[in-house]
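Single-letter residue listing:
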Amino acid sequence: MNNSSPQLPPWLALLPLVALIALLAITISIFGIDALGGASQMCLLVATSLSVCIGMAVLRKPWNDFETAMVHNISGVGTAIIILLIIGALSGAWIVSGVVPTLIYYGIQIIHPGFFLLCTCVICAVVSVMTGSSWTTIATIGIALMGVGKAQGFHEGWIAGAIISGAYFGDKVSPLSDTTVLASSTTGTPLFTHIRYLMYTTVPSMLIALIVFSLAGISADDADIFHIAIFTESLSEKFVITPWLLAVPILTGILIVQRVPSIITLFVSMLSATICAVIFQPHLLAEIGGGSNTQELIKGALTMLFGPTGLDAGSTEVNDLIATRGMAGMLNTIWLIICAMCFGGAMAAGGMLDCIAKSLASFAHKRAGMVSSTVLSGLFFNVATADQYISIILSGNMFGDIYRRNGYESRLLSRTIEDSVTVTSPLVPWNTCGMTQATILNVSTLTYMPYCIFNWVSPLMSILIAWTGYKIKKLIV
């Protein structure tokens, strides 16, 4: 038997990815925002089948290799799927219970429109540093800030961009963040050495983002007082607005500070919001359940958690703001994630990822080229594998020896991986992060993508710092 492995040409390795992008472009042009209802999933499955065909035909890979890789990838996002389902229920509970409407009601009056985008980015950054999770930040305070911004008349892309920029800044530098820990451990860099070194690229990137959000807020049209009055009046008439409801986000914050696991924190927050719905908004549960007896109230509470609700507040804009989708609203995202994991597994098992990675690594000779290649590889892995964790591991494993051979510290690699993988994951529509944030905020990835200033600047800043050589030292051998 011949032990030599057939080589896959780079153009053939890229074919499934090119086919996927082309198919997605076609389906999005045909279905628009409804593409996530099944068309995008079919595109991923077609690209997956193409990867399998190439791997089996050219590299003579057995089907079992592909099946094992796909199952492994899907099992790796099991926790994320559970979190998504709880977030769906949490979103419904926070809105119907009046928690989000109360935050919006008070937020409109406290946060000046001219500083809203700046404050949004800073608030999300602080919360994300404390939680170590961009997902938790966006699913809680992010939803409320989205409502405040809409009430003040901001474009949803700007609001989502400020929320995501702040959340991913915190996710990137927090010692509690799983991606931060993964990037440091994969490259063999001490955690706090990694975080300190991140500051040379992350702080300038964040400052640029804050300047842009400040200018965007100041240059925006003056807040329409009548428009804001409609929101406050509609919310106060539909919901019982009371400071007591702020106990739910306060409890959530305490659990976060105590470093309670995300799933437990989100579940307790959902449960406490459900109790508040029963106490403060029984009329809304009766409206959802179709009656005011005990059985119908229970039906309303359960529907609030797992299904869509459509409350009438007398204004189309407010109705859209308080409409919920529950767990059911997350199913398309979960379906898409599973299909994306199949695609990533097939690309890995078929040798496509390895081939493209080696081609990119061939440009890593000098300092700037090495960092640029790492950034491009991180972006590619985010697109091809649809998962930031896989992308971090692949980038670390692929470039570790290259950085060592060129005499550079591991902290340069760990920083570059974070600059290229962690922050760009929500910009890819079929990446788990992109799908999740779009679903939670109810804003399509393509809509908010141009406004995620921090997420765009970070990889460019990493390359710029590499060109200047600032604080980049070679190891003394």
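Quick summary incoming for the structure in this document.

Cut-offs used in this document
Residues numbered from 1 in each chain as written. Predicted model: local features only at pLDDT ≥ 70, side-chain atom pairs only at ≥ 80, totals over all residues. Heavy atoms only, no water. Salt bridge = Lys/Arg side-chain N within 4 Å of Asp/Glu carboxyl O. Helix = DSSP H or I, 4+ residues; strand = E, 2+ residues; numbered from the N terminus. Buried < 20%, exposed > 50% of the residue type's maximum accessible area, 1.4 Å probe, protein only. Axes fitted to C-alpha atoms, helices over the stretch in contact; angles between N-to-C directions. Parallel < 35°, antiparallel > 145°, perpendicular 65-115°, else oblique. Left-handed = near helix turned anticlockwise from the far one by under 90°. Contact = heavy atoms within 4.5 Å. Nonpolar A, V, L, I, M, F, W, Y, C, P; charged D, E, K, R; others polar. Phe/Tyr/Trp six-rings, centres within 6.5 Å; stacked < 30°, edge-to-face > 60°. Lys NZ or Arg CZ within 6 Å of the ring centre and 35° of its normal. Patch = residues over 30% accessible without salt bridge, like charges linked within 9 Å, V, L, I, M, F, W, Y side chains within 5 Å. Areas by Shrake-Rupley, 256 points an atom, 1.4 Å probe, with all protein chains shown as cover.

What follows is about the pattern of salt bridges. Per the counting criterion, the structure on display carries 3 salt bridges. The salt bridge involving Lys238 is made with Glu287; its shortest N-O contact spans 2.8 Å. In this pair, Lys238 is assigned in helix H11 (residues 225–238) and Glu287 in helix H14 (residues 282–289), connecting sequence segments 49 residues apart. Exposure remark for Lys238: the relative accessible area of 13% places this residue in the buried category.

Interhelical geometry of helix H19 (residues 367–385) versus helix H24 (residues 453–468) gives an angle of 165° and a closest axis separation of 8 Å. One finds that H19 runs roughly antiparallel with respect to H24. Both H19 and H24 take part in a crossing whose hand is right-handed. Judged by residue contacts, Arg367, Ala368, Val371, Ser372 and Val375 of H19 engage Pro459, Ser462, Ile463, Ala466, Trp467 and Thr468 from H24. Grouping the amino acids of the contact of H19 with H24 by side-chain chemistry returns 7 nonpolar, 3 polar and 1 charged.

It is worth spelling out the packing of aromatic side chains at this point. Under the criterion given, the structure shown has 9 aromatic pairs. Between Phe169 and Phe454, the ring centres sit 5.8 Å apart and the planes meet at 80°, which makes this aromatic pair edge-to-face. Note that Phe169 is positioned in helix H8 (residues 156–173) and Phe454 in helix H24, a separation of 285 residues in sequence. Residue Phe169 shares its accessibility class with Phe454, and that shared class is buried. Cluster of aromatic residues (ring-pair linked, three or more members): Trp158, Phe213 and Tyr451. Lying over the aromatic face of Tyr197, Arg415 brings its terminal NZ or CZ to 4.1 Å of the ring centre.

A cluster of nonpolar residues, Phe267, Leu271, Ile275, Val278 and Ile279, forms a patch on the protein surface that exposes about 480 Å² of accessible area. Mapped onto the secondary structure, Ile275 falls in helix H13 (residues 262–280).

We now examine unusual backbone geometry. Even without a glycine there, the phi angle at Arg60 is positive, about 60°. Inspection of the secondary structure assignment puts Arg60 in the loop between helix H2 (39–58) and helix H3 (63–76). Arg60 sits in the exposed class, given a relative accessible area of 62%. Not every positive phi belongs to a glycine, and Lys471 is a case in point at roughly 60°. In this fold, Lys471 is placed in the segment after H24.

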